[in-house]
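What follows is the residue order along each chain.
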Amino acid sequence: PLYDQSTMVGRAKQFYTITDPRSLFITSAQLQQAEALLTAYKERNIPEGVTDGDLWNARRIVESVLHPSTGQPITPFLRFSMYAPMNIFIVSAMVLPSTINSVPRTIAIHWYNQSYNAAVNYTNGSSATPVPTRRLAEGYIGAVGSSLAIALGATFITQKAANLGVTARTFIRATLPFSAVVAAGCVNVALIRRNELTDGVEVYDKDDNMRGLSVVAGKSGILQCCIARFVWNVPAMILPTIFMGYMSTKPWWMKFSPRVRTATEVTLISLALMFGVPPALGLFPQRASIAVDKLEEEFQGITDKNG
């Protein structure tokens, strides 16, 4: 990668690149030119005048459009660069009072969200180590079920407590749809990767030698995934809602039409998705490390090539 992946700043910059919506407008001609330039680089036949920046841009184009395993173009609708545009619609729909107060709308948007997530994960997943279809189905059903259970709970609470004050209504809007999304993500990860909880994950030493399977490391990895899902949903689902709840206590603000207030909230959600989520995604490195003394007994006392 162009940026140092050992630091959070470097990882955040990398995610800004991966989720850049401008990548959706890459043309076939631009893709072909980028592939040709990278091929020339591999063959040590780089055209005169080509800079490092040109090469990195060519790599960005190829990685944004083509599947890393198959080399085939990914449908724009399911690329990571579609993350912000799609979630502007999804998150905005989830936190609107008209959705939280409606059972059909709540079911529709949370089902759509989990279905879209499943499609993106399946499309961008590794073809070298595919997840069994049954496990994908279990993860999808678990995610949809947990998401709907919490989201419908929010609808039930809201309908039963119509006379709640601004603070209580804001709390419901800010926390329950957010909790539904986070819980669904954690359930999905736990179900799809449950073999890591029972069999463990491969553990490597600093020389990249595989030393065995560790359940402790597997649990740690899944826990970090759940924490990451919690953190990266905060900027878009919690902060704009709290701000709008605060603004609703201001008489001068409430004089504006509902359309203006809704447009303002959607704008805040959009900014949070585009600028606040990538740093949250970079919270943990893609390849984590763990102290030996926290692993199982079988890993204690193992020495490296230097003794």
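Structural notes, computed from the coordinates. As the structure is a computational prediction, the values presented were derived from the model and not from experiment.

**Side note on the overall build of the protein**
If you tally the helices and strands in the protein, you get 13 helices and two strands. If one aligns the C-alpha atoms of the protein with their principal axes, the spans along those axes are about 70 × 55 × 35 Å. Per-residue burial for the protein yields a buried fraction of 38% across its 307 residues. Pairs at least 24 apart in sequence give 72% of the contacts found in the protein among residues at least 6 apart. As displayed, the protein has an accessible area near 17,700 Å², and 62% of this comes from carbon and sulfur atoms. Counting 27 positive and 21 negative side-chain charges, the protein places the centres of these two groups 16 Å from one another.

**A closer look at the environment of Phe89**
Examined against the element boundaries, Phe89 turns out to sit in helix 4 (residues 83–95). Every residue in contact with Phe89, bar those within four places of it in the chain, is listed here: Ile109 and Tyr112.

**Focus: the state of the cysteines**
Linking two cysteines covalently through their sulfur atoms gives a disulfide. Summed over all chains, the structure comprises zero disulfides. Of the cysteine sulfurs around Cys225, a residue in no disulfide, the closest is that of Cys226, at 6.9 Å.

**Re the pattern of salt bridges**
Applying the stated rule across the entire model yields five salt bridges. A salt bridge links Arg134 to Glu138; the nearest nitrogen and oxygen atoms lie 3.3 Å apart. Within this pair, Arg134 and its partner Glu138 are both found in helix 7 (residues 133–160), separated by four residues, close to a single helical turn. Exposure remark for Glu138: the relative accessible area of 24% places this residue in the partly exposed category. Here Asp205 makes a salt bridge to Arg211, at a shortest N to O gap of 3.0 Å. Using a relative accessible area of 19% as the deciding quantity, one classes Asp205 as buried. Among the residues examined, Arg211 registers a relative accessible area of 31% and is labelled partly exposed.

**A look at a nonpolar patch on the surface**
A cluster of nonpolar side chains, Tyr16, Leu271, Met274 and Phe275, forms an exposed patch at the surface whose accessible area comes to about 360 Å². Per-element tally for the nonpolar patch: the top contributor is helix 13 (residues 258–281), with three residues. Secondary-structure assignment places Tyr16 in helix 1 (residues 8–18). Of the residues examined, Tyr16 reaches a relative accessible area of 33% and is grouped as partly exposed.

**A short note on the environment of Leu213**
By the element assignment, Leu213 lies in strand 2 (residues 210–214). For Leu213, a relative accessible area of 42% corresponds to the partly exposed category. In the structure, Leu213 is positioned 17 residues away from Glu196 in sequence and 9.0 Å away in space, judged by C-alpha atoms. In this view, Leu213 contacts Asp199, Gly200, Val201, Glu202, Glu298 and Phe299; residues no more than four positions away in its chain are not counted.

**Side note on unusual backbone geometry**
A positive phi angle is found at Arg44, which is not glycine, with a value near 55°. Among the structural elements, Arg44 can be located in the loop between helix 2 (28–42) and helix 3 (52–65).

**Things to note about the packing of helix 4 against helix 10 (residues 215–237)**
Running from N to C, helix 4 and helix 10 cross one another at 70°; their axes reach a closest spacing of 11 Å. The angle between helix 4 and helix 10 falls in the class roughly perpendicular. Contact with helix 4, carried on its side by Tyr83, Val91, Met94 and Val95, involves Trp232, Ala236 and Met237 of helix 10 and no other residues of that element. Residues belonging to the contact of helix 4 with helix 10 are distributed by class as follows: seven nonpolar, no polar and no charged.

Thresholds, definitions, all that
Residues numbered from 1 in each chain as written. Predicted model: local features only at pLDDT ≥ 70, side-chain atom pairs only at ≥ 80, totals over all residues. Heavy atoms only, no water. Helix = DSSP H or I, 4+ residues; strand = E, 2+ residues; numbered from the N terminus. Buried < 20%, exposed > 50% of the residue type's maximum accessible area, 1.4 Å probe, protein only. Contact = heavy atoms within 4.5 Å. Areas by Shrake-Rupley, 256 points an atom, 1.4 Å probe, with all protein chains shown as cover. Lys, Arg positive; Asp, Glu negative; His and termini not counted. Charge placed at Lys NZ, Arg CZ, Asp CG, Glu CD. Disulfide = S-S within 2.5 Å. Salt bridge = Lys/Arg side-chain N within 4 Å of Asp/Glu carboxyl O. Patch = residues over 30% accessible without salt bridge, like charges linked within 9 Å, V, L, I, M, F, W, Y side chains within 5 Å. Axes fitted to C-alpha atoms, helices over the stretch in contact; angles between N-to-C directions. Parallel < 35°, antiparallel > 145°, perpendicular 65-115°, else oblique. Nonpolar A, V, L, I, M, F, W, Y, C, P; charged D, E, K, R; others polar.

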